[in-house]
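Listed here are the chains, written in short residue letters.
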Amino acid sequence: EERISQLTEEVKRLKKERNAIILAHVYQRPEVQEVADIIGDSLELSRRAAATDADVIVFCGVHFMAESAAILSPDKIVLLPEENAGCPMADMVTAEELRAKKKEMPGAVVVAYVNTSAEVKAESDICCTSANAVKIVRSIPEDKPIIFIPDKNLGAYVATKTGRPMTLWEGWCNTHDWVTAEEVLKAKEEHPAALVLIHPECRPEVVALADYVSSTTGLIKFAKESDAKEFIIGTESGILHQLYKQCPGKEFYLATRRLVCPNMKATTLGKVKEALATMQPRITVPPHIREKALACLERMLAVK
Ligand code: 13P
Ligand code: SF4
């Protein structure tokens, strides 16, 4: 506790000195969320990374998020406090594999979940996040075939919502794909009054049990505005910090204790401090990749 409050003070001091902004995903550790200037889902964080006038962006999240910030703000210094914090799902599609798939399906539009590397974004037509995936897919002309990468679960959800058949990639999030329908049914039995809130990275049979499906920010907003007092949560455990903070008097139950993303938890307050002190590890994207990946992100941000 004492160490955390001391580190918090040091981070705040260094942040001012460096004219830095700290962006944190809601899956981050509570003490990391507490030092952040902005806490949000992937879409909000990329919007804020594009708009900030800070000199330094400290991205408390995983590699593809910091990379997106570097793509959107090439003149800023982007730091990822734990450089080994990756996203296993993003690693399930490489640029080379995608190029091969595009050859098989000439004329198809590639929709890339933001959980992809810069190189893969550079080979894609438009990005999406879980918050806007349905809208993005609806924005694509009806006669165009779609390749959706890399999350087969989010892809299946969007295909159902839009009625649009899509070629799905064989990728998934280990954390969300672990949740089983049995676990959700058991949680419902234990908490019969609770509403079920599910992230679309979960399997279709889990999504089918949901009262509400959305991105992390969407789930928090729903819990805040709902008359219900109890909720079963089908997304990463870090969200509980914001849920309890923003919804006083309400109770939240994780669908399974395994809803933990080790990569999201790899960033500690000590590492945030080190990053600000040393201005390392820095995330950069080579210009020839950046230009194309930027077009892919900008097409997403332009869809209203
Ligand atoms: P969102 O916060 O955009 O819902 O993303 C979930 C996720 O798994 C990010 O890695
Ligand atoms: Fe990737 Fe899943 Fe972790 Fe998000 S929760 S960073 S999608 S592994």
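Here, every reference points to the structure presented above.
These figures come from a predicted structure and were not determined experimentally.

Procedures and definitions
- Residues numbered from 1 in each chain as written.
- Chains lettered and ligands numbered in written order.
- Predicted model: local features only at pLDDT ≥ 70, side-chain atom pairs only at ≥ 80, totals over all residues.
- Heavy atoms only, no water.
- Helix = DSSP H or I, 4+ residues; strand = E, 2+ residues; numbered from the N terminus.
- Buried < 20%, exposed > 50% of the residue type's maximum accessible area, 1.4 Å probe, protein only.
- Contact = heavy atoms within 4.5 Å.
- Pairing = 2+ DSSP bridges.
- Axes fitted to C-alpha atoms, helices over the stretch in contact; angles between N-to-C directions.
- Phe/Tyr/Trp six-rings, centres within 6.5 Å; stacked < 30°, edge-to-face > 60°.

Colleague: Outline the environment of Ala266, supporting the account with residue identities and numerical values.
Modeller: Mapped onto the secondary structure, Ala266 falls in the loop between helix 14 (262-265) and helix 15 (269-278). The class for Ala266 is partly exposed, based on a relative accessible area of 23%. The spatial distance from the C-alpha of Ala266 to the C-alpha of Lys102 is 35 Å, given a sequence separation of 164 residues. Every residue in contact with Ala266, bar those within four places of it in the chain, is listed here: Glu82, Ala85 and Lys271.

Colleague: Kindly report on the sheet that holds strand 11 (residues 230-234), identifying the contributing residues and their values.
Modeller: Reading across the sheet, the 4 strands line up as 10-9-11-12 and stay open at both edges, with parallel pairing between neighbours. Of all strands in the sheet, those with a lone pairing partner are strand 10 (212-213) and strand 12 (251-254), marking the two edges. Looking at chain direction, strand 11 and strand 12 are connected through 4 bridges and run parallel. Its bridge partner lying in strand 12, Glu230 is registered against Glu251. Along the sheet, helix 12 (residues 216-225) contacts strand 9 (195-198), strand 10, strand 11 and strand 12; its crossing angle with strand 9, the most-contacted strand, is approximately 160°.

Colleague: How would you summarise the packing of aromatic side chains if you had to cite specific residues and measurements?
Modeller: Using the criterion set out here, one finds 3 aromatic pairs in the structure. Measuring from centroid to centroid gives 4.2 Å for Tyr212 and Phe222, while their planes differ by 10°, and the two rings are stacked. Of the two residues, Tyr212 is situated in strand 10 and Phe222 in helix 12; the sequence distance between them amounts to 10 residues. Taking the centre distance of 5.2 Å and the plane angle of 85° together, the rings of Tyr244 and Phe252 count as edge-to-face. Relative accessible area serves as the criterion here: at 36%, Tyr244 is assigned to the partly exposed category. By relative accessible area, which is 5% here, Phe252 ends up buried. The structure contains a cluster of three or more aromatic residues connected by ring pairs, namely Phe231, Tyr244 and Phe252.

These values are about where atoms sit, not about what they do.
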